[in-house]
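# Report on the structure
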Amino acid sequence: MTSSQTPTIDGNEAAARIAYLCNEVIAIYPITPASSMGEWADEWASRGQPNLWGATPKIIEMQSEAGAAGALHGALSAGALATSFTSSQGLLLMIPNLYKIAGELTPFVLHVASRTVATHALSIFGDHSDVMACRGTGFSLLAAGSVQEAHDFALIAQAASLAGRIPMLHFFDGFRTSHEVAKIIAIERDTVRMMIADDLVAAHRTRALSPEHPVLRGTSQNPDVFFQSRERANAFYDAFPGIVQAAFDRFAGLTGRQYTLFDYVGAHDAERVIVLMGSGAETVHETVDHLTSRNEKVGVLKVRLYRPFDPATLIAAIPASTRAIAVLDRCKEPGADGEPLYKDVLGAFANAAADGLRAMPRILGGRYGLASKEFTPGMVKAVFDELAQALPKRQFTLGIHDDVTNLSLPWDESFRTDAGNALRHAVFWGLGADGTVSANKNSIKIIGEDTDLHAQGYFVYDSKKSGAVTVSHLRFGAAPIRSAYLVGDNDAGFVACHQTLFTERYDVLKQARRGGVFLLNTAASAETALDSLPENLRQQIVEKELAFWVIDAYQVAHEAEMGRRINTIMQTCFFAISGILPAEQAIAAIKKAVEKSYGTKSKRLVELNHRAIDMTLAHLHQVDVAQASLPAATGFAKDAGWKPALQPPAFVRDVTLPLYAGLGDRLPVSAMPADGTWPVGTAKYEKRGIALEIPVWDAALCTQCGKCVFVCPHSAIRARLFPADAAADAPVTFKHVPAKSKDYPAGTQISYQVAPEDCTGCGDCVEACPIHDKSNVSHKALNMADVSPLRAPERDNLDFFLALPEFDRDAVKHTTIPGSALLDPLFEFSGACAGCGETPYIRLATQLFGDRMLIANATGCSSIYGGNLPTTPYTTHADGRGPAWSNSLFEDNAEFGLGMRLATDQLMAHAQNLVKELAGEIGGDLVDALANAEQREEAGIRAQRQRVAILLEKLQNSAHPRSHELASLAEWLIRRSVWIIGGDGWAYDIGYGGLDHVLTLPWDVNILVLDTEVYSNTGGQTSKATPIGAVAKFSAGGKATAKKDLVKLAADYGHVYVASVAYGAKDTQTLRAFIEAESYLGPSLIVAYSPCIAHGYDLQYNGRQQEAAVKSGHWPLIRFDPRLEASAGNPWKLDSAAPTQPIREFMESETRFAMLSRSHPEAAEHFMAEAQSIADRRYQSYLALARQGEPKTGS
Amino acid sequence: MFDLSTSYLGLKLKNPLVPSSSPLSKHLDTALRLEDAGAAALVMHSLFEEQLHAEAKMADRFLLNSGIGHGEAEGFLPDHGGDKSTLDHYLEHLAKLKSRLSIPVIASLNGVSLSGWVDLGRELQQAGADALELNVYHVAADANFSGESVEARYASLLSELHGGVNLPIAMKLSPFFSSLPHLIKQLERAGARGVSLFNRFYQPDIDLDSLRMVDCLHLSTPDEALLRIRWIAILHGRTRLTLAASGGVHSHEEALKLLLAGADVVHLASCLLLHGPERLGQILADMENWMSEREYTSVAQLKGSMSQKNLPDPDAVERASYIRVLDGYGPARGVRS
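Computed from a predicted model, the values in this text were never measured in an experiment.

As a further point, take the domain arrangement of chain B. You'll often see interface size given as the accessible area lost when the parts meet. Residues and elements named next belong to chain B. Assigned domains of chain B: these are domain 1 (6-66 + 83-306) and domain 2 (309-337). Using only C-alpha atoms to locate each centre, domain 1 and domain 2 end up separated by 32 Å. In this assembly, eight residues from domain 1 lie in contact with four residues from domain 2. Within the side of domain 1 that touches domain 2, the residues separate by chemical class into three nonpolar, four polar and one charged.

What follows is the structure, encoded as structure tokens:
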């Protein structure tokens, strides 16, 4: 077969290929892990690929999934075939329309990469909780368990839905199937054509709303007929399982792949059977094959069609010999006595037993795989073993260690199946940005498409966006691969570590099997490589008799003029060593793949890659390990020899740090907080050490302007004042000089200290440093330098620095950049991208107001780097005070924050009333002071805290019946600063309705919009903040319309404080805006320009680009302060000068705009002209507003 | 009727005025206006090696390998494969110019490395270029790199390109060679058909506000023609290479002087950027008037008539003329001092 007939693709692409062919309107909204289905459709449409009817489907990105569902409902009502792709929260947002679409008996297929629904926490990973929430909608639920099935079922669903008029929710497991790359048999276009009956399509169109034959749909009904109407559709549901089976059968006739509503695999005389759906069924299938070959009487029932549920067919599919059944659900319904599939199967058998049709087997219910928790053959075996017990657990869980309710089943981690043993496994450890994943996807394609082997790839990503670690799990084998789980310990015949750093941090050889291969990218030679490794790795190399190969891939890349791009080099090594393909054939295939990827963009890249590939083998060396002696078994030790000065609290030590070390799967249930509440101040324990270079302070040259601290995205450079004698015991390399400012007592010292293992090496601070050596402009007051010799001394210096006493905050001028830089950040060392343009704003807010902040954070980048476990960058002052943070949803953040404000105000009022009520206990002066405290400024808040402390003391001795109540409410007497933080996807799109509503209200909330002008977290989709002419996903031809002017819209209300800021262009204006916004008693909105990796330039130049954005008029700086209007002033302030740089220059300097000049040169020209005109117009309109009330000049 | 025809790189041209590499060739409209104004050939805007490299880096980093290892985003910009490289656009534009213009089109390559030019040259040939101009942008800043090595690099680059294409090649040179005639002899051996004297480097400037180096390119001034006049005059008749004068031609006067010195063609850029493509027609008309007034009948007649070889005092274009200029700062001979 050709590669087009057996492509190697992931589940999302497999489903999207069919959905695209079979539909005319595709309305989407991005959400992980479904996003790429919409992106594929967008890509194919932008290339003009036709659907079955020769037309290019219309692809539309909406403002939310609710919007997408509305658009779909309309498109379906008006006669089009329409589809969408979604997941989790997105699916939940569609539910109201799902009821409508189903209620109107509309043929429609929604493809869902199923993902857990956020509860105590958000998780992007897979389980069926989202799909299960749709059981009541009237949608049919069809479960695919593999990439092949996601492809096949996408078509079968389309055909059945057209035939039966029941809309179908076709789902497959998020990540495990949606992102698994596998070799499949592609359905031919003619087959698709044959499955989609023209008369059924015509019938759908006939039912469309049309003024040519008008009807009324979507009525309001009264008690008299609503119920009967609902029952009227029963026949359609009754018939539907048969219709789906007919579609399965027709499909089998065309392709040879036969499915049934419930596919049974196993012993015909099975006594123990597992029932489940999704990818887990494949793992059970593999295990059943293994066990039945050993004469065990076991089987598995794969549920394909879950709704409409067909109990009779289910029971018929299970051998009559079955005595015990375990029904596994990949979801949890708290409070229920079993999960949905379990209850359905139980009910089916109960009825059959009651009717005398079938003996009642023992039926157990198990939960497994929540949020992509591993589900392995060992766990399956544990279930079968449990079923054989005389008194098995009626309800159990799998894959975890439940030491609280003791529901979990123990399992044998070393259990392996025959199928697993017949496969070749490979594991690759890579850096997020080093191309390891893309190279592996490429390798799988090569193997899948150039050989008869089956291939599978699954990729484990990181929670971090900088210095992220990826682990690629690859399998190859002669038979189809059903192993829907990671490569296990001691399984991999090939392990590659693409970054030497990982050998210090992770046990990269745990998956290596005896006699396997270990390939390491290292600067060490073949002679020294073994000695360069930590003991535990050396021990495994010897004990497991690994063949150890090394290459200095960075050196090869350098010599081949490839910079630091090592992926094709490591890929070449893999093929050379693994022998999966003959070396020549493999190298030719890699080169061909390079030509395919790079050819249209740059012949030079092709040439350089080819050169690197050709150079590789000469640099690949096998290490002689035969003579190596077994090192003493000291176990795995991270960075041996170093003991952190900072001793973590017990929770961090016992929970957080094991999570960080990748040992989270082993933590028992009892280690988890029950309600999703976690401690802050944990990022500082990670010490990731990802920077190659860090800034070095030239204390003599520095003017102490504080700009470096102001721009640092990771709070990895700090400033602190301290008395000279505090430095008496400083480490010898600790730098400090007298503070230049006259505001501080004579002799006060200042230090700018770098956190060497928390810095990402982005270089933003050095770029921002304005001080040059007069005799050598390339030397600044901060200069990047190799981290290696600096790591140890700067680590000690940082420990010393952090132990210095905090300087009196009141003695520092918060309103100046040098002063604000001296305020301790309560947001530090986040995992955001190196050079992130968002985080400096959050850090600034915490420096100014951190001890009193309540933060409502919309889902997005800021919630990921803010709250994705294992750690959080939010932290506290030494007194324990700091920002309290929570994320509700993506769409409701303004409302969530408003709720915090309302609660705060309500409880404060309540406490104030109690203070008055207890005046006799408290004393008149204190009552007045507590109730009427001026708390706009920090000093006032501090004074109030002292009063509250006194109050609490007094209440301790009070016998008043309400004294306890007041004591519990006393902290609400202290003003809180409510912050509502999120990105432009939230503020401009999905949450705009709520944001707008909150802006219309008078409440004191501070809204910070981190505007990257694109959906950053989900990978660069267009938002309404995307500027005209920018290329983004769903705007491949350039965004055709102007960015929404959120600033103007908010200012038009008149009572909202509004600021548009760009810290890299005018830091003082940013600082002023934050202080003004926070001090304003009504709603405040700060729209903050946030450079992002999605803009397509090195974020080292983040500041330069902000400057260009402002100078070109792309991002005018304004402040609108309603307080000025009250004092008869003009609330509008234009803080940036008239544009002095053509907007073209700005646009040409960022890939997001510049790439359009290559793909659509004429459109690019048009958009640049239009952008200039928009910028000019906007500036003039702001200028006119800022000049309101000025005396007219001239005649 | 005057016979204005000339020959450059083996191309028969209707007159000696050829717009040099400038943004005017980027648009079909201005290219057509240049032809209408009388341009005899057109040198396209340069295909810069650095631009191709930068573009490759950009595509590599932000389109092909933009993953950061986070599970929610495999990349940040859509890579729909529709985007073309600058080279593709250049080739397409070249083909378009060839299909719409009747004058010869000379493609221009600007770079410094030794790699990739042959393939590029072949593609330009395939797209219809009538000739190639190779502009080697090399600033010899390495103290370990001798003048001889610099010259060898030029010759080697040219030779490689010459071996790969069938098109005539002109080498555009800077004036900063210790022995220009010697270099030109080497280039002749390496297969060049012409030289263009001289290129005008983008010069780095210092921004006093930011203390950063910034690129800058000012338009030429007529004074710059003097350097060209000297070297064209020296080289005419001493090399088989055809000669293009480039830089400082703003009116018929500089053009005529360069032709008298021996140029086969005169390149125009700054004056066209300043005054529009139609300026070329004006210069041509003014040249014709001047020739008419002096009863010249052809360009061939005047070409090189004042080259060094044809001058009564050949030293006049070498050092002697320098001395004479210095003398000129003294009082006139008749003045007592």
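Residue proline 33 of chain A is reached from threonine 32 of chain A by a cis peptide bond, and omega for that bond is 0°. Inspection of the secondary structure puts proline 33 of chain A in the loop between β2 (25-28) and α2 (35-46). Of note, the bond from leucine 197 of chain B into phenylalanine 198 of chain B is cis; its omega dihedral lies within 30 degrees of zero at 0°. Relative to the assigned elements, phenylalanine 198 of chain B resides in the loop between β8 (194-197) and β9 (203-207).

Next up on the list: the interface of chain B and chain A. Listed as interface residues are 35 residues of chain B and, on the opposing side, 46 residues of chain A. Among the secondary structure elements, those contributing two or more residues to the side of chain B that touches chain A are α2 (49-64) and α3 (86-100) of chain B. Among the elements that make up the side of chain B that touches chain A, the one with the highest residue count is α2 of chain B (ten residues). When the residues that make up the side of chain B that touches chain A are grouped by side-chain class, the tally is 14 nonpolar, 14 polar and seven charged.

With that settled, the discussion passes to the confidence of the model for chain B. Residue and element names in this part refer to chain B. In the predicted model, chain B carries a mean pLDDT of 88, and 91% of its residues have values of at least 70. Contacts of residues 320-337 to residues separated by more than four positions or lying in other chains number three contacts, the stretch itself having pLDDT below 50. The ipTM, which scores confidence in the relative placement of chains, is 0.90 for this predicted complex, and the corresponding pTM is 0.93.

Residue and element names in this part refer to chain A. The three strands lie next to each other as β24-β26-β25, forming an open sheet whose pairing is antiparallel. Edge positions in the sheet fall to β24 (717-722) and β25 (737-738), since each has one partner strand and no second. Against the sheet, helix α26 (residues 788-803) makes contact with β24 and β26 (749-754), and its axis sits at roughly 130° relative to β26, the strand it touches most.

Turning next to the environment of phenylalanine 415 of chain A. Residues and elements named next belong to chain A. Relative to the helices and strands, phenylalanine 415 resides in the loop between β15 (395-397) and α15 (418-422). On the neighbour-count criterion, phenylalanine 415 (17 C-beta atoms within 10 Å) is partly exposed. Between the C-alpha atoms of phenylalanine 415 and glycine 488, which are 73 residues apart in sequence, the distance is 9.9 Å. For phenylalanine 415, the contacting residues outside a window of four places in its chain are Pro377, Gly378 and Lys381.

To continue, consider the pairing of strand β35 (residues 1084-1089) of chain A. Residues and elements named next belong to chain A. Within β35, six of the six residues are buried, which leaves it mostly tucked inside the rest of the structure. In the sheet, strand β33 (residues 1006-1011) pairs with β35 via six bridges, with the strands oriented parallel. The partner of valine 1009 across the bridge, within β35, is valine 1087. In the sheet, strand β34 (residues 1057-1061) pairs with β35 via five bridges, with the strands oriented parallel. Along β35, the bridge assignment pairs valine 1058 with leucine 1085.

Assigned domains of chain A: these are domain 1 (8-209 + 228-254), domain 2 (260-397), domain 3 (424-623), domain 4 (647-679), domain 5 (687-824) and domain 6 (1013-1186). Once you take the C-alpha centre of each, domain 3 of chain A and domain 6 of chain A turn out to be 43 Å apart.

With eleven of eleven residues buried, helix α28 (residues 839-849) of chain A is to be regarded as a mostly interior element. When α28 of chain A is considered as a whole, its buried residues turn out to be Thr839, Pro840, Tyr841, Ile842, Arg843, Leu844, Ala845, Thr846, Gln847, Leu848 and Phe849 of chain A.

All names here are of chain A. Here six strands make up an open sheet; going across it, the order is β9-β11-β10-β13-β14-β15 and the pairing mixed. Each of the sheet's edge strands pairs with one partner strand only, and the pair in question is β9 (262-266) and β15. Pairwise comparison of adjacent strand axes, ignoring direction, gives a mean angle of 25° for this sheet. Where β9 meets strand β11 (residues 298-303), five bridges bridge the pair, whose relative direction is antiparallel. Note on β11: the bridge partner recorded for phenylalanine 262 is valine 303. Contacts from helix α13 (residues 340-354) reach β10 (272-276), β11, β13 (324-329) and β14 (362-367) within the one sheet, and its direction differs from that of β13 by about 150°. Contacts from helix α14 (residues 377-387) reach β10, β11, β13, β14 and β15 within the one sheet, and its direction differs from that of β10 by about 130°.

All names here are of chain B. Where helix α4 (residues 117-126) contacts helix α5 (residues 147-164), the axes come no closer than 9 Å and their chain directions differ by 40°. In terms of their interaxial angle, α4 and α5 are classed as oblique. Judged by the sense of rotation from one axis to the other, the crossing of α4 with α5 is right-handed. Counting all contacts with α4, which are made through Trp117, Val118, Gly121 and Arg122, the residues of α5 involved are Leu157, Glu160, Leu161 and Gly164. Of the residues that constitute the contact of α4 with α5, the class distribution is four nonpolar, two polar and two charged.

On to the confidence of the model for chain A. For chain A, per-residue confidence averages 95 on the pLDDT scale, and 98% of positions sit at 70 or higher. Below a pLDDT of 50 lies the segment residues 632-642 of chain A, which in the model reaches ten contacts outside its immediate sequence neighbourhood of four places, other chains included.

Attention shifts here to the packing of helix α16 (residues 436-450) of chain A against helix α20 (residues 567-578) of chain A. Residue and element names in this part refer to chain A. Running from amino to carboxyl end, α16 crosses α20 at an angle of 45°, the nearest separation of the two axes being 9 Å. Between α16 and α20, the interaxial angle falls into the category oblique. Relative to α20, the crossing made by α16 is right-handed. Between α16 and α20, the contacting residues are Thr436, Ser438, Ala439, Asn442 and Ser443 on the first element and Asn567, Thr568, Met570, Gln571 and Phe574 on the second.

Scoring rules and cut-offs
Residues numbered from 1 in each chain as written. Chains lettered and ligands numbered in written order. Predicted model: local features only at pLDDT ≥ 70, side-chain atom pairs only at ≥ 80, totals over all residues. Domains from an automatic or database assignment. Contact = placed C-beta atoms within 7 Å. Nonpolar A, V, L, I, M, F, W, Y, C, P; charged D, E, K, R; others polar. Helix = DSSP H or I, 4+ residues; strand = E, 2+ residues; numbered from the N terminus. pLDDT = per-residue confidence, 0-100. Pairing = 2+ DSSP bridges. Axes fitted to C-alpha atoms, helices over the stretch in contact; angles between N-to-C directions. Buried ≥ 20, exposed ≤ 12 C-beta atoms within 10 Å, placed from the backbone. Parallel < 35°, antiparallel > 145°, perpendicular 65-115°, else oblique. Left-handed = near helix turned anticlockwise from the far one by under 90°.

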